[in-house]
Amino acid sequence: VGIDVDKVPAAVNAVGAAQIARTDSPDIAVALQQHVPGLIVSDTTGNPFMPDVQFRGFVASPVSGTPQGLAVYQNGMRINEAFGDTVNWDLIPTAAIRSVTVVTNNPAFGLNALGGAVNVQMKNGFGYQGAEINTMGGSFGRIQSSGQYGKRVDNFSVYGALEGVRENGFRNFSESAIRRFYGDVGYRTD
């Protein structure tokens with residue numbers, strides 16, 4: 001049971017799986033930039049899969065040494081790296097994301113969430129049943145393919161998502177290849 005958004009003493013922005021899928025992008029940062037006011041995505045590493053996500057001047061970045069100010073959570077578990085507070089955005093499969101919520105600074109997320117928190121909720125077999133395969137291609141030799149499967153049997157559930165992305169890059173020697181998997185096995189009782 002969640003709290004009504006009206007009762008939270010902060011600005012809350014939510015992006016659902018349908019909005020993320022409409023961007024046809026291999027990362028969630030593009031969907032966040034399109035749907036969350038005040039959020040900016042920059043490409044400091046020269047790789048589109050390792051973006052700097054800036055929200056109201058605070059950053060969640062994969063680059064060590066960048067002053068981090070956003071806490072990033074996946075299913076309630078903080079995923080900022082222990083050393084340098086960096087965030088590996090390229091490890092999160094886009095197909096497996098149920099929703100992303102961006103909350104402005106709120107003490108409930110801890111002292112390291114100075115600028116706010118990004119809460120990524122992943123799909124599971126209780127909420128997603130069925131199978132889906134998706135393949136896309138684009139400029140600079142980009143090809144992306146993903147598959148997901150979810151099933152619920154009584155109190156048990158299983159969910160899995162597999163993604164692969166490859167591109168040649170827009171300049172010489174800047175190719176990228178990513179393979180990522182997310183799995184969830186669950187059991188619920190009263």
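Residues numbered from 1 in each chain as written. Predicted model: local features only at pLDDT ≥ 70, side-chain atom pairs only at ≥ 80, totals over all residues. Heavy atoms only, no water.

Caption draft 1: Fine view of the pairing of strand E10 (residues 143-153). Where strand E9 (residues 130-137) and E10 come together, 8 bridges link them in antiparallel fashion. Considered in E10, the bridge of Gly137 is made with Ile143. Counted along the chain from E9 to the antiparallel partner E10, the turn is 5 residues long, and its residue Phe140 has a positive phi close to 60 degrees. Of the strand pairs in this sheet, E10 and strand E11 (residues 156-167) are connected by 11 bridges, and their pairing is antiparallel. The residue of E11 that forms the bridge with Gln144 is Val165. (Pairing = 2+ DSSP bridges. Helix = DSSP H or I, 4+ residues; strand = E, 2+ residues; numbered from the N terminus.)

Caption draft 2: Expanded view of the environment of Asp85. The topology assignment puts Asp85 in the loop between strand E6 (77-78) and strand E7 (97-104). Residue Asp85 is classed as buried on the basis of its relative accessible area, which comes to 18%. Between the C-alpha atom of Asp85 and that of Gly69, which follows or precedes it by 16 residues, the distance is 8.8 Å. Excluding residues that lie within four positions of it along the chain, Asp85 makes contacts with Gln68, Arg78, Asn80 and Asn112. (Buried < 20%, exposed > 50% of the residue type's maximum accessible area, 1.4 Å probe, protein only. Contact = heavy atoms within 4.5 Å.)

Caption draft 3: Representation of the packing of aromatic side chains within the structure. Under the defined criterion, the tally for this structure stands at 3 aromatic pairs. Judged by centre distance (4.7 Å) and plane angle (40 degrees), the ring pair of Phe156 and Tyr187 falls under tilted. Taken together, the residues Phe156 in strand E11 and Tyr187 in strand E12 (residues 176-187) connect sequence positions 31 residues apart. Accessibility assignment for this pair places Phe156 and Tyr187 in one class, exposed. Aromatic ring contacts, followed pair by pair, group Tyr128, Tyr159 and Tyr182 into a single cluster. In this arrangement the basic side chain of Arg188 is found over the ring face of Phe126, its NZ or CZ atom lying 4.0 Å from the centre. (Phe/Tyr/Trp six-rings, centres within 6.5 Å; stacked < 30°, edge-to-face > 60°. Lys NZ or Arg CZ within 6 Å of the ring centre and 35° of its normal.)

Caption draft 4: Structural context of helix H2 (residues 28-35). Within H2 the residues assigned to the buried category are Ile28, Ala29, Ala31 and Leu32. Along H2, the residues classed as buried sweep out an arc of 160 degrees about the axis, all on the same side. In this structure, the buried side of H2 is in contact with strand E1 (12-16), helix H1 (17-22), strand E2 (39-42), strand E3 (52-55), E7 and strand E8 (116-122). (Arc of directions from axis to C-beta.)

Caption draft 5: Layout of the environment of Leu162. Looking at the secondary structure, you find Leu162 in strand E11. A relative accessible area of 53% means that Leu162 is categorised as exposed. In this structure, Leu162 is in contact with Ser145, Ser146, Gly147, Arg180 and Phe181, ignoring residues within four places of it in sequence.

Caption draft 6: Region of interest: the nonpolar core. Formed by 27 residues in total, the largest nonpolar core has its most connected members in Trp89, Ile97, Val100 and Val120. Elements supplying a minimum of two residues to this core: H2, E3, strand E5 (70-74), E7, E8 and E11. Examining the composition of this core, we find that 4 residues originate from one element, H2, more than from any other. Leave out the neighbours within four places in its chain, and Val100 touches Asn13, Ala14, Val15, Ile20, Ile28, Leu32, Val118, Asn119 and Val120. (Core = buried A, V, L, I, M, F, W, Y, C linked by side-chain atoms within 4.5 Å.)

Caption draft 7: Representation of the side chain of Ser176 in the model. Tracing the chain through its elements places Ser176 in strand E12. Not counting chain neighbours up to four residues away, the residues in contact with Ser176 comprise Asn47, Phe49, Val165, Arg166 and Glu167.

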